2 protein chains.
Amino acid sequence: MAAQVKLYDTTLRDGTQGEGISLSVDDKIKIANKLDQMGVHYIEGGWPGSNPKDMNFFERAKDLSLDQAVITAFGMTRRPGLKAEEDPNLKRILESGVEAAALVGKTWDFHVTEAVQTSLEENVNMIYDSVRFLKDHDLEVIFDAEHFFDGFKNNKEYALKTILAAEDAGADCVALCDTNGGSLPSEIAAILTEVQNKLTVEIGIHCHNDGELGVANTLEAVNAGASQIQGTINGYGERCGNANLVSVIPNLQLKMGIECVSDEQLKQLTETSKYLHELANQTPPNGQPFTGKSAFAHKGGMHVSAVLKHPETYEHVIPEKIGNERRVLVSELSGQSNLLFKAKELGLSLDKSNPAVKETIEKMKDMEHKGYQYEAAEASFELLIRNGMGENHDYFRLDHFKIITHKEKEGSFTTEAVVKMIIKDQTVMTAAEGNGPVNALDHALRKAIGEFYPLVHEMYLSDYKVRVLDEAEATASTVRVLIESSDGKETWSTIGVSANIIEASWHALVDSIRYYFMKQRSRLEEVELFSSMPTEGVKNH
Amino acid sequence: MAAQVKLYDTTLRDGTQGEGISLSVDDKIKIANKLDQMGVHYIEGGWPGSNPKDMNFFERAKDLSLDQAVITAFGMTRRPGLKAEEDPNLKRILESGVEAAALVGKTWDFHVTEAVQTSLEENVNMIYDSVRFLKDHDLEVIFDAEHFFDGFKNNKEYALKTILAAEDAGADCVALCDTNGGSLPSEIAAILTEVQNKLTVEIGIHCHNDGELGVANTLEAVNAGASQIQGTINGYGERCGNANLVSVIPNLQLKMGIECVSDEQLKQLTETSKYLHELANQTPPNGQPFTGKSAFAHKGGMHVSAVLKHPETYEHVIPEKIGNERRVLVSELSGQSNLLFKAKELGLSLDKSNPAVKETIEKMKDMEHKGYQYEAAEASFELLIRNGMGENHDYFRLDHFKIITHKEKEGSFTTEAVVKMIIKDQTVMTAAEGNGPVNALDHALRKAIGEFYPLVHEMYLSDYKVRVLDEAEATASTVRVLIESSDGKETWSTIGVSANIIEASWHALVDSIRYYFMKQRSRLEEVELFSSMPTEGVKNH
């Protein structure tokens, strides 16, 4: 068993094969940064030969400054009868400009003759030539041995021949794939042990979860000698998903004593898992192992007092090690320490004894109860804390707005918004059109504010996400809107929650502008605008 | 390894410990029937000593006529210092009238001294006396050895002593529990093998899923000799849940060759899983192994043609064996073969040479280009195909609608919708309020249609999802709305795409009603409504 392993994340490629998982290039760039911060070693960004959107990702990924992660491209071995240097798919990999590539090839004889419809011999040549070609261009090459376990069970000799060809051609790692996800842990262990005796290169493992065994199969493979682990965050992937790295990592690190990431990085696991659910627009399962909301939830009484004295009585690992937390009845204790921690991070000196702390916690709990979730909306959270401490960032106030949407038969569709605002003790009323109700509201709001603060035109909304919270209530459900804004240099996120999507969007829009103005206070002052702001509602000063 | 195993279901007891899982006594009775039909051997109905609602279940369960399942009560070993016959909890078990009981007792020395705060000696007596007491009253007794694996790792000698006491007292089975859910498959196998050599009674296994290893640990235990399997349907349970029987059963039966249930019963697995999700009010995870909607879903063209010829190329088991089905996802990647497959699935005879096929593919591609994605909206897709083949399902037409949202300062927020429709050559105009613009539109639409087709009130929206497609365009982005509807028996999904969320929702709402009416055509005809439908717009006939 290896003392440490390499993490190969394929969320951006295999993960997006999952039904209902779709990520924009922007999302993929954000995720790549997040994965790097968490200590992943390889980030498979996509398949440049099959998808122009993926090529765009590789283009943009060149500007990323990553700590350690290597951006990797996925591709297939050359087509039958073609030279490697003529294969468009292999050429795309070179064009993508990556330093490492994963090449998938057939190892199950049945697939060679039935799906690819070529000879067993030619398939071995395809593997050799393709790996060699990329090695000749100085790429690090991982050979993904597709259907290896099924192939091994059906024709062991041939399956071994294919991976030996990859090794001979100079592959840096041979990753054994349980492509159909149906192998049992005992089979994985036995086969991997046998392969281990035949190869000298590093062995990787790539499991799927069709038997609900993706994590176990991965651990068994590591037990048997695999040292590169392929998987996805939250187990996203085709059919029932890939091996879930969010469970694999803490099992390896906390239970099997195998180093994957640093202790500090491990603490980011829960946040990373939630962040991905948010970007992929998936409802985080409460019961998700390690990182779920219920994973360390204890129901009152004897359990709680036992667990507070000795966590090991009812917890298999210490939740803080993975950035999760124990949930017991009154969480005021953890609420307070979180708040103080956050305030310190923002450079605010806040004392436990300050009654504002208790009030802000109450306010926060109240908001969370309504469906607010501040993890993905730090700007809104900062405004909440600063408000709680008596700072005033009400640069403008609403009198009222009205939005009218009109649809004529199959034809025209119009939306207009009318807003009346009070800014610097003056009243301004304006109207604007938009693609939809929120867009119209956004236009009208900026138009009104821009008359007093032209600064508002320097920022723009860069992302807009809607999440239905209680889906079973259908169109009457509570919705959570997350808005990301940017001024071209920095980005910040704000949140709004309501049963009405327009009201939820309104709150997020307003926070987004307030946050920008707060950050740019000095510039507001320079132009002598800040001094004339209304002081009404200022609490502590 | 046993040739056959007994299934011990604890959905009604441990399963309801899961956050958000709550079952009425009625639900529990229905589930008990379902579990019996599916071939479960023991149904743990509850804890009569702790919960009066559970006592009610046992009362009503007496009237059930089950094929083979034994209704079982759960309880704890007697309290320290009390005689078994005086222990209220044990007396309740007798009063519940069951033929079998599971008694949980401490096996980890640390828990005995820290949580129960009694002597190690007294704990052993508690186990012996309690088992003996129930055996004396002719009950079948399963001893649930709580925290056995942790106990064994900490004080092997003592852990063994506790289960030997249960065996001596006449327990029919000793179930080893991984209560905190943190053990690894290799640990479970090693410890169970060792225990196997010390005991003569049947050994059971009870795993939790805190390491995402609940299923694997259960399989490893069976490999090592356990023959009673405890778990829950869909893996419901405290924290991260119990071992998921829905995955354990097919793994054992189809892969390990161990008989659990009959082949006919195995075919009920998918339906049973969905039925439980329904009663527990849980959204079935698409990617649930074996029984999920995506478990046998195939995307790419080559995949599809291979899997149609040889299912084993991309499927680990045959979906029909567990009552699930293969799904071909219609996406940009796929073309004609997917469409023909889909049409066949819908019972439509469609010939390759039919020009409608080409037209429909063009239409589909055009819609996909706009952001439509039919893999999650099969009802909209079916309407698209049927329209392409000349069927007409325009039961109503829009003249226009208008939606007005008004917000006053921090106060009131109102939304109302006005719609004018043409139905059966008549004009109907109506208005309704709602929580938000889409909700108001939904209400007004149903109100108008309901005047002509009261059928519309039999269906309702059960889920509403919004996804922003090109997020970088922020509030001007294209949005994709997915609506799930239900009539209480079936559910179907429809889609709408537009830069305006209201227009997107409109399309999905309209499709959802059209689809239901299409499915209920015969009923529309019965009441002589169908015949008076407008025929305008019918293409091929």
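Residues numbered from 1 in each chain as written. Chains lettered and ligands numbered in written order. Predicted model: local features only at pLDDT ≥ 70, side-chain atom pairs only at ≥ 80, totals over all residues.

Student: Mind showing me how you'd approach the domain arrangement of chain A here?
Tutor: Interface size is often expressed as the accessible area that is lost when the parts come together. As far as domains go, chain A holds domain 1 (6–261) and domain 2 (396–452). Taking only C-alpha atoms, the centre of domain 1 of chain A and the centre of domain 2 of chain A are 50 Å apart. (Domains from an automatic or database assignment.)

Student: Explanation requested: the sheet that holds strand S5 (residues 140–146) of chain B in the structure shown.
Tutor: The strands making up a sheet associate through hydrogen bonds between their backbones, and the pairing can be parallel or antiparallel. Residue and element names in this part refer to chain B. Taken in spatial order, the eight strands of this closed barrel run S1-S2-S3-S4-S5-S6-S7-S8, and their pairing is parallel. Adjacent strand axes in the sheet meet at a mean angle of 25° when their direction is disregarded. Two elements, strand S6 (residues 173–178) and strand S7 (residues 202–207), share six bridges in a ladder whose sense is parallel. Residue Asp 178 lies in a different strand from S7, and its bridge partner there is Cys 207. Running over the sheet, helix H5 (residues 120–136) touches strand S4 (100–106) and S5 and is turned about 175° from S4. (Pairing = 2+ DSSP bridges. Helix = DSSP H or I, 4+ residues; strand = E, 2+ residues; numbered from the N terminus. Axes fitted to C-alpha atoms, helices over the stretch in contact; angles between N-to-C directions. Contact = placed C-beta atoms within 7 Å.)

Student: Before we go on, may I ask you to explain the interface of chain B and chain A in this structure?
Tutor: On the side of chain A, 88 residues touch chain B, which itself brings 91 residues to the contact. It is strand S11 (residues 397–408) of chain B that provides the largest number of residues to the side of chain B that touches chain A, a total of eleven residues. Partitioned by chemical class, the residues of the side of chain B that touches chain A number 35 nonpolar, 33 polar and 23 charged. Relative to S11 of chain B, strand S9 (residues 397–408) of chain A is paired through nine bridges, and the arrangement is antiparallel. By the bridge assignment for S11 of chain B, His 406 of chain A is matched with Lys 402 of chain B. (Nonpolar A, V, L, I, M, F, W, Y, C, P; charged D, E, K, R; others polar.)

Student: Looking at this structure, how should I read the environment of Asn 123 of chain B?
Tutor: Residues and elements named next belong to chain B. Mapped onto the elements, Asn 123 comes out in helix H5. Taking the C-alpha atoms as reference points, Asn 123 and Val 112, eleven residues apart in sequence, are found 6.9 Å from one another. Contact partners of Asn 123, with chain neighbours within four places excluded, come to Lys 106, Val 112, Val 116, Thr 118 and Thr 162.

Student: Honestly, the packing of helix H8 (residues 185–196) of chain B against helix H9 (residues 214–223) of chain B in this entry has me stumped. Any pointers?
Tutor: Packed helix pairs are specified by the crossing angle of their axes together with the interaxial distance, meaning the distance between the axes. All names here are of chain B. Close contact between H8 and H9 brings their axes to 8 Å; oriented N to C, the two are set at 25°. The angle between H8 and H9 places the two elements in the roughly parallel class. Crossing of H8 against H9: the hand is right-handed. Along its contact with H8, which presents Pro 185, Ile 188, Ala 189 and Leu 192, the element H9 presents Ala 216, Asn 217, Glu 220, Ala 221 and Asn 223. When the residues that make up the contact of H8 with H9 are grouped by side-chain class, the tally is six nonpolar, two polar and one charged. (Parallel < 35°, antiparallel > 145°, perpendicular 65-115°, else oblique. Left-handed = near helix turned anticlockwise from the far one by under 90°.)

Student: Please clarify how the pairing of S9 of chain A should be interpreted in this entry.
Tutor: Each regular strand shows side chains that alternate between the opposite faces of the sheet. In this structure, S9 of chain A lies alongside strand S10 (residues 413–423) of chain A, joined through ten bridges in antiparallel fashion. The residue of S10 of chain A that forms the bridge with His 400 of chain A is Lys 420 of chain A.

Student: How should I be thinking about the pairing of strand S6 (residues 173–178) of chain A in this particular structure?
Tutor: Residues and elements named next belong to chain A. For S6, a buried count of six out of six residues is recorded, marking the element as mostly surrounded by other parts of the structure. Judged by which residues are buried, S6 turns out to be covered on both faces: Cys 173, Ala 175 and Cys 177 on one side and Val 174, Leu 176 and Asp 178 on the other are all buried. Note that strand S5 (residues 140–146) and S6 share four bridges and pair parallel. The residue of S6 that forms the bridge with Phe 143 is Val 174. (Buried ≥ 20, exposed ≤ 12 C-beta atoms within 10 Å, placed from the backbone.)

Student: In this structure, what is going on with the UniProt feature "domain: Pyruvate carboxyltransferase" (unreviewed entry) in chain A? I would like to understand it.
Tutor: Under the feature "domain: Pyruvate carboxyltransferase" (unreviewed entry), the UniProt entry names residues 5–267 of chain A. Structurally, residues 5–267 of chain A is divided into 43% helix and 17% strand, and its ends, taken at the C-alpha atoms, are 18 Å apart. (UniProt positions renumbered as here; feature names shortened; annotations may be inferred.)

Student: How do you make sense of helix H2 (residues 52–61) of chain B when you look at a structure like this?
Tutor: For an α-helix the count is 3.6 residues per turn, leaving residues at separations of three or four pointing the same way. All names here are of chain B. The complete set of buried residues in H2 reads Asp 54, Met 55, Phe 57, Phe 58 and Ala 61. Taken end-on, H2 shows its buried residues confined to a sector of 155°, consistent with a single buried face. In this structure, the buried residues of H2 make contact with helix H1 (25–37), strand S2 (42–46), strand S3 (70–76) and helix H3 (88–96). (Arc of directions from axis to C-beta.)

Student: Mind showing me how you'd approach the packing of H5 of chain B against helix H7 (residues 156–168) of chain B here?
Tutor: Residue and element names in this part refer to chain B. H7 packs onto H5 with a crossing angle of 25° between their chain directions and a minimal axis gap of 8 Å. Considered as vectors, H5 and H7 are oriented roughly parallel to each other. In terms of crossing hand, the pair formed by H5 and H7 is right-handed. Contacts between H5 and H7 pair Leu 120, Asn 123, Val 124, Ile 127, Tyr 128 and Val 131 from the former with Tyr 158, Lys 161, Thr 162, Ala 165, Ala 166 and Asp 168 from the latter. A breakdown of the residues in the contact of H5 with H7 according to their chemical character gives eight nonpolar, two polar and two charged.

Student: Explain the nonpolar core to me, please; I cannot follow it from the model alone.
Tutor: A general trend in soluble globular proteins is that nonpolar side chains are found buried together. By size, the foremost hydrophobic cluster in this structure holds 195 residues, and its most contacted members are Phe 143 and Leu 176 of chain A together with Phe 143 and Leu 176 of chain B. In this structure, Val 357 and Leu 384 of chain A together with Met 364 and Phe 517 of chain B belong to the second largest nonpolar core, which totals 98 residues. (Core = buried A, V, L, I, M, F, W, Y, C linked by C-beta atoms within 7 Å.)

Student: Is there a simple way to explain unusual backbone geometry in this structure?
Tutor: Most peptide bonds take the trans form, and the phi angle of most residues other than glycine is negative. All names here are of chain A. Positive phi outside glycine occurs at Gln 117, with the angle close to 55°. Considering the arrangement of structural elements, one finds Gln 117 in the loop between helix H4 (109–116) and helix H5 (120–136). Taking the number of C-beta atoms within 10 Å as the measure of exposure, Gln 117 has 9 and is therefore exposed. Even without being glycine, His 147 reaches a positive phi, approximately 55°.

Student: Which parts of the structure should I look at to understand the environment of Ile 43 of chain A?
Tutor: Considering the arrangement of structural elements, one finds Ile 43 of chain A in strand S2 (residues 42–46). Ignoring any residue separated from it by four or fewer positions in sequence, one finds Ile 43 of chain A in contact with Asp 9, Leu 12, Ala 32, Leu 35, Ala 69, Ile 71 and Thr 72 of chain A.

Student: Help me out: how do you make sense of the confidence of the model for chain A in this one?
Tutor: Where the model shows low pLDDT, its predicted coordinates should not be examined in detail. Residue and element names in this part refer to chain A. On average, chain A scores 88 in pLDDT, and the residues at 70 or more come to 91%. For residues 329–334, every residue scores under 50 in pLDDT, and the model assigns this stretch three contacts once sequence neighbours within four places are set aside. When the criterion is pLDDT under 50, residues 528–541 qualifies, and its contacts beyond four places in sequence or with other chains add up to 18 contacts. Both scores are given for the predicted complex: the pTM is 0.73, the ipTM 0.74. (pLDDT = per-residue confidence, 0-100.)

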